[in-house]
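Given next are the chains, with one letter for each unit.
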Amino acid sequence: MKTIIRSLFIFLLIMFGAVSCIELDTVPYDRESDLTFWDEDEGAALKALNTCYTYLAGIEELMYSEAMTDNAYTKQPNDATQNIGNGSYSTADPYVRNVWNSRYTGIRMCNQLLENIDRVPNLSAELKNRYIGEAKAIRAYHYYELYTKFGDVPYTENVLSIEESMTIERTARATVVSNIVADLDEVISGKYLPESYDASNTGRITHWAAMAIKAKIHLFEGNWTEVRDLTSQIMNSGDYTLFASYPGLFEIANEYNSEVILDAQYRPSSREHHIMYEFLPPSMGGYSQLSPLQSLVDSYIMLDGKSIDESDLYDENAPYDNRDPRMRATVMYTGNSYTLADGSEVVINADPGQGRDGFGVSSDVTATGYYIKKYWDNTYRASLYSGLNPIIIRYADILLMHAEAVAELGNFNSAAWDITIKPIRLRAGFTNPEAVEFPAASQNELIQIIRNERRSELALEGHRHKDIFRWRIADEVLNGWCHGIRTNDAVGTDNGYVRIENRSFDASKHYLWPIPQAERDLNQNLTQNPNW
């Protein structure tokens, strides 16, 4: 598989060039494919399936989705996610249309395989079922990404002609959910997919990955019993464990470790990303256009398990001391450092007006006073090109989903804590019993603890946008000024914290993205979401 994927990636890169800062790592879809090779090529199904994987997810989409939340800010307007984060986007927003198009391109590729797989000569029944399982799981993931943003979306299991694509109507969200859950049920109950692969097939969707995608769908829908039961099965399988090192999870040397359930496949030199250029400080060769916000920094608890507002350990004059160790592994602040390939450390100074990286020094520096550390790859090739795989679903997410479901069902107790939150905190590096042991708290307080734990554990990995939407708190956290570091300047600050952007979230419209107007111009049967 690695050889085939490498050749496909080289082909795609040659044909379509390097991606820009926030493209979704996809190719044009406005050409009819030549299907004659299905009858003649024994490897046609595998080639088509491998192409489906290239549409699954890209690191740009995952990381820049954080700028649509209270976790991050991007100073890249128009074709990025800044407009969505501040609420100024419209029905003509290019990023919204890019998401729509890229996901439907991926769906088309999956449908093309599923429609033609019976034509492939000499394909064994076992491989046929496996390929069908992988394609249906990928397709389900695409529809999940679409309906969670747009609500009702056109649903099809066929390769549409140009004429059909110009007349298809939106399908009710509930029907889309029912259909993709049914697909995943078929794949899971039919044992279409193996529980693991050999080294030549690493990165493919497993039985457990399909189950995890199904759990994510039920999580968004608030179907807590289903989430609890699905995550329990994954937890009891014994196939996954928390990787020993939290920072190590995001190092290229530890790809395919015991925690990774599903990731997006990159390869050094054959398919790479340039994301580090977009978050590193100038002294590291970067142009920081994606930066963490103060809200994310403030959300990390203290070593005693308490928030910064509750803990006696917090000192606003030394705000990074005694904090959740995951903050140091995720956010770059003054005094934190990047480890180079030779083991040496580069300490960053992001203080206002200081050196090359200080806040306000130039247009290349962070807009918030913070840089990103997670997904820093010190094995990068020339010009910060990296083949590091971004993780889409990992085992810690399964534990957090399980904890949330049990808490929402009103049954979260010390036993549930000990198999979910406690091991996550121990792995993070907490030792204080107040942080590690089950807290004395009400069920509502426990839900908030779990939600915050989810934010800290999965920060900048592309989960926050769906979380604040399904929790219906986006209108709380995306209205008003978002902030960066404390400068104590009198002008342009709130309580000394610099104002970054005045955001607006209209709950009557922004919980659904608009159907792109360009798509409606092509297809008069596409209705629009409310108030757009």
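From a predicted model like this one, the values you see are computed outputs, not experimental measurements.

## Considering the packing of aromatic side chains
(1) Moving on: Summed over all chains, the structure comprises 23 aromatic pairs.
(2) Moving on: Where Tyr147 meets Phe220, the ring centres are 6.0 Å apart and the plane angle is 85 degrees; that geometry is what we call edge-to-face. Pair noted here: Tyr147 is in helix α6 (residues 125–150) and Phe220 is in helix α9 (residues 207–221), with a separation of 73 residues, a long-range link. For the pair Tyr147 and Phe220, one class covers both residues: buried.

## A look at the packing of helix α8 (residues 173–189) against α9
(1) Moving on: Packing of α8 against α9 leaves a shortest axis separation of 10 Å and a crossing angle of 155 degrees. Looking at the two axes, α8 sits roughly antiparallel to α9. Of the two possible hands of crossing, α8 and α9 adopt the one that is left-handed. For the pair formed by α8 and α9, the contact residues are Arg173, Val177, Ile180, Val181, Leu184, Asp185, Val187 and Ile188 on the first element and His207, Ala210, Met211, Ile213, Lys214, Ile217, His218, Phe220 and Glu221 on the second.
(2) Moving on: Among the residues making up the contact of α8 with α9, the classes are represented as 11 nonpolar, two polar and four charged.

## As for the confidence of the model for the chain
(1) Moving on: Mean pLDDT over the chain: 93, with 93% of residues reaching 70 or higher.
(2) Moving on: pLDDT under 50 marks residues 1–22. Its contacts with residues more than four places away, or in other chains, come to 46 contacts.
(3) Moving on: This model gives residues 26–33 a pLDDT under 50, and the stretch forms 14 contacts once residues within four places in sequence are excluded.

## A word on the side chain of Arg394
(1) Moving on: By secondary structure assignment, the location of Arg394 is in strand β8 (residues 391–394).
(2) Moving on: A polar contact is formed between the side chain of Arg394 and the side chain of Glu461, at a distance of 2.8 Å.
(3) Moving on: Apart from the residues within four sequence positions on either side, Arg394 is in contact with Tyr246, Leu249, Phe250, Glu259, Val260, Ile261, Arg427, Glu457, Leu458 and Glu461.

## Let's talk about the nonpolar core
(1) Moving on: By size, the foremost hydrophobic cluster in this structure holds 142 residues, and its most contacted members are Tyr143, Phe150, Ile217, Ile392, Ile398, Phe412 and Trp513.
(2) Moving on: Ranked by residue count, the leading element in this core is α6, at 12 residues.
(3) Moving on: If near-sequence neighbours (up to four positions away) are discounted, Phe150 is found in contact with Val96, Val99, Trp100, Arg170, Leu512, Trp513, Pro514, Ile515, Pro516 and Asn529.
(4) Moving on: Grouped together as the second largest cluster of nonpolar side chains are eight residues, Ile468, Ile473, Phe505 and Tyr511 included.

Conventions we followed
Residues numbered from 1 in each chain as written. Predicted model: local features only at pLDDT ≥ 70, side-chain atom pairs only at ≥ 80, totals over all residues. Heavy atoms only, no water. Phe/Tyr/Trp six-rings, centres within 6.5 Å; stacked < 30°, edge-to-face > 60°. Helix = DSSP H or I, 4+ residues; strand = E, 2+ residues; numbered from the N terminus. Buried < 20%, exposed > 50% of the residue type's maximum accessible area, 1.4 Å probe, protein only. Axes fitted to C-alpha atoms, helices over the stretch in contact; angles between N-to-C directions. Parallel < 35°, antiparallel > 145°, perpendicular 65-115°, else oblique. Left-handed = near helix turned anticlockwise from the far one by under 90°. Contact = heavy atoms within 4.5 Å. Nonpolar A, V, L, I, M, F, W, Y, C, P; charged D, E, K, R; others polar. pLDDT = per-residue confidence, 0-100. Polar contact = N/O pair within 3.5 Å; in protein donor to acceptor, adjacent residues only side chain to side chain. Core = buried A, V, L, I, M, F, W, Y, C linked by side-chain atoms within 4.5 Å.

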